[in-house]
2 protein chains.
Amino acid sequence: MPADLHALQELIGYNCRRAYLAVRDQAIKPIVENGLQRTWFTVMVLLHRNPGLSSREICWALGVQPPNLVASIASLEEHGLVERRPHSEDGRSLSLRLTAAGRRLITRVEREVERAELRATAMLSDEERDTLTDLLRRIYTEPPVD
Amino acid sequence: MPADLHALQELIGYNCRRAYLAVRDQAIKPIVENGLQRTWFTVMVLLHRNPGLSSREICWALGVQPPNLVASIASLEEHGLVERRPHSEDGRSLSLRLTAAGRRLITRVEREVERAELRATAMLSDEERDTLTDLLRRIYTEPPVD
DNA sequence: TATTGTTATACTCTATAACTATA
DNA sequence: TATAGTTATAGAGTATAACAATA
């Protein structure tokens, strides 16, 4: 006897969360198979398009707190995927960019993650997938009333 | 100088997660203001429509592991919101249902959470909100290819 | 032998306070 | 004084192994 989930499925937060977990379960596979962690992947995608970002700028872009990025960036540097340089204008900041190895790796992983996401959402048409992405983006880019 | 988030915003998982966090930040307010935790709220909504569910059935419905529900259900019982009865047919199971106080509380909180979700998604029309909910639900109810 | 509820445990993710060095 | 990066730490959330009671 399956439970009646109707009341929960009316909640937008519940649906976002369940869909996120379903997509993540697929997308995480190529990430770990290539020796990365989820946070590393997100940081690397961001640095790929935005070389020279500081740690603080990554925090703003991803909505995470600075202390939670320290270990990830240190690991990325130890693995030779990211390098830290002194910022040219601000002695407090460190300028982050992918190494050549980092660029090679993230190019491949990004492609594999996109394929995994397509598999996880194979029940949607291309148009439905575009609609979904647009609606979701509007929720977190347009600020709430409160 | 805002970072170029274009590559991340192409990823469905990233968009689901950011939208989920934005909605959750609003929906959590009436939950904690009424002395509940997020997990308690979800369990209570489920029990409201499905009196008599066992702990294991709640795990199936919510996609969580049994050990992670033990503390929540114990707390709900201590607070007089949920009661455990021996299952009529299976001596191993415990039948869970809301108390009268639990029903009164979840009725109010559910209404307030719905209002909070509407505020968090006020930039969408009613039709767009329905479309979004439908697309998200299909992702986690229709199983992936793998 | 299998399942329910449970304990113990560990690992990840996230949040806050406080330090240091630079501005 | 304010900010960037960092340390230490604590709290959620989630996962697995193993046990007793029941099937």
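From a predicted model like this one, the values you see are computed outputs, not experimental measurements.

Undergrad: Sorry, what's going on with the overall build of chain A here?
TA: A count of helices and strands for chain A gives seven helices and two strands. Secondary structure elements of chain A, listed N to C terminal, follow the sequence α-α-α-α-α-β-β-α-α. Overall, the C-alpha framework of chain A stretches about 60 × 40 × 30 Å when taken along its three principal axes. Taken across its 146 residues, chain A has 46% of its residues classed as buried. Across chain A, every contact between residues at least 6 apart in sequence was considered, and the portion connecting residues at least 24 apart equals 50%. Accessible surface for chain A amounts to roughly 7,700 Å². Of this, 49% is attributable to carbon and sulfur atoms.

Undergrad: Mind showing me how you'd approach the relation of the copies chain B and chain A here?
TA: One copy of the chain maps onto the second through a rotation around an axis plus a translation along that axis. Once turned by 180° and shifted 0.0 Å along the axis, chain B lies on chain A with an RMSD of 0.1 Å. The relationship between the two copies is best expressed as a two-fold rotation axis. Most of the interface of chain B is mirrored in chain A: 100% of its interface residues are interface residues there too.

Undergrad: In this structure, what is going on with the protein's contact with DNA strand D? I would like to understand it.
TA: Surveying the vicinity of DNA strand D reveals 18 residues, the closest of which are R17, R56 and R84 of chain A together with N68 and G91 of chain B. Expressed as a percentage, the sugar and phosphate content of the atoms of DNA strand D within 4 Å of the protein is 55%. Take R92 of chain A: an N or O atom from its side chain is 3.0 Å from a base oxygen of DNA strand D. Among the secondary structure elements, those contributing two or more residues to the surface near DNA strand D are α4 (55-62) and α5 (67-78) of chain A together with α5 (67-78) of chain B. Along the lines of polarity and charge, the residues of the surface near DNA strand D split into five nonpolar, six polar and seven charged.

Undergrad: Would you explain the side chain of T99 of chain A in this entry?
TA: Among the structural elements, T99 of chain A can be located in the loop between β2 (94-98) and α6 (100-120). Look past the residues within four positions of T99 of chain A in its chain and what remains in contact with it is G80, L81, V82 and E83 of chain A.

Undergrad: In this structure, what is going on with the packing of aromatic side chains? I would like to understand it.
TA: Describing an aromatic ring pair means giving the distance of the ring centres and the angle of the ring planes. Across all of its chains, the model carries two aromatic pairs over all chains by this definition. An angle of 90° between the planes, with centres 6.2 Å apart, marks the rings of Y14 of chain A and Y140 of chain B as edge-to-face. With one member in each of two chains, Y14 of chain A in helix α2 (residues 12-33) and Y140 of chain B in helix α7 (residues 126-141) form a pair that bridges those chains. Each member of the pair, Y14 of chain A as well as Y140 of chain B, carries the same accessibility label: buried.

Undergrad: Where do I start with the pattern of salt bridges in this structure?
TA: Should the charged atoms of two oppositely charged side chains come close, the side chains can pair. This model, assessed by the stated rule, comprises 16 salt bridges over all chains. Residue D90 of chain B is joined to R92 of chain B by a salt bridge in which the shortest nitrogen-to-oxygen separation is 2.9 Å. The exposure class assigned to D90 of chain B is partly exposed, which follows from its relative accessible area of 23%. The partner of R108 of chain B in a salt bridge is E112 of chain B, with the nearest N and O atoms 4.0 Å apart. You can see R108 of chain B and its partner E112 of chain B sitting in helix α6 (residues 100-120), four residues apart, about one turn around the helix. Classification of R108 of chain B by relative accessible area gives partly exposed; the value is 38%. Members of the salt-bridge network, linked through shared partners, are E128 of chain A together with R138 and E142 of chain B.

Undergrad: Explain the interface of chain B and chain A to me, please; I cannot follow it from the model alone.
TA: Quoted interface sizes are often the accessible area lost when the parts come together. In this assembly, 60 residues from chain B lie in contact with 60 residues from chain A. Between chain B and chain A the total buried area reaches about 5,700 Å² when both faces are included, carbon and sulfur atoms providing 68% of it. Counting every contact that joins chain B to chain A gives two salt bridges. Its salt-bridge partner being E128 of chain B, residue R138 of chain A comes within 3.0 Å of it at the nearest N-O pair. Of all the secondary-structure elements, those providing two or more residues to the side of chain B that touches chain A are α1 (6-9), α2 (12-33), α3 (38-49), α4 (55-62), α6 and α7 of chain B. The biggest single contributor to the side of chain B that touches chain A is α2 of chain B, with 13 residues. Along the lines of polarity and charge, the residues of the side of chain B that touches chain A split into 31 nonpolar, 11 polar and 18 charged.

Undergrad: Help me understand the protein's contact with DNA strand C, please; the structure alone is not making it clear to me.
TA: DNA strand C sits among 17 residues. The nearest are P67 and G91 of chain A together with R17, R56 and R84 of chain B. Considering DNA strand C, the proportion of its atoms within 4 Å of the protein that are sugar or phosphate atoms stands at 52%. Here N68 of chain A contributes a side-chain N or O atom positioned 3.0 Å from a base nitrogen of DNA strand C. Listing elements by their share of the surface near DNA strand C, those giving two or more residues are α5 of chain A together with α4 and α5 of chain B.

Calculation criteria
Within any chain, residue numbers begin from 1 and follow the written order of that chain's sequence. Each chain gets a letter, beginning with A, and each ligand a number, beginning with 1, in the order they are written. With the structure being a predicted model, the display of local features is reserved for residues of pLDDT at least 70 and the display and counting of side-chain atom pairs for 80 or more, all residues being used for whole-chain, interface and lining totals. In computing side-chain values, all of the structure's heavy atoms are included and hydrogens and water are not. A run of DSSP states H or I qualifies as a helix once it reaches four residues; a run of E qualifies as a strand once it reaches two. Both are numbered from the N-terminal end. Think of it in three bands: with a 1.4 Å probe and only protein chains considered, a residue is buried below 20% of the maximum accessible area for its type, exposed above 50%, and partly exposed in between. Any two residues whose heavy atoms approach within 4.5 Å at even a single point are treated as in contact. Reported accessibility uses the Shrake-Rupley method at a 1.4 Å probe radius. Residues are deemed covered only where the shown protein chains occlude them. We place the copies in one frame by least squares, fitting the C-alpha atoms of every residue whose pLDDT is at least 70 in both. If a single non-hydrogen atom of a residue is within 4 Å of a molecule or strand, that residue counts as near it. Any pair of nitrogen or oxygen atoms within 3.5 Å is treated as a polar contact; in protein, a donor-acceptor pairing is required on top of that, and neighbouring residues in sequence qualify only through side-chain atoms on both sides. Ten residue types, Ala, Val, Leu, Ile, Met, Phe, Trp, Tyr, Cys and Pro, are classed as nonpolar, four, Asp, Glu, Lys and Arg, as charged, and the remainder, Gly among them, as polar. Any two rings among Phe, Tyr and Trp, with Trp reduced to its six-membered ring, count as a pair given centres within 6.5 Å; such a pair is stacked if its planes are under 30 degrees apart, edge-to-face if over 60, and tilted if neither. When a carboxyl oxygen of Asp or Glu is within 4 Å of a side-chain nitrogen of Lys or Arg, the pair counts as a salt bridge. Here the quantity called buried area is the total loss of accessible area, with a 1.4 Å probe, experienced by two parts when brought into contact, counted for both.

By themselves these figures say nothing about function.
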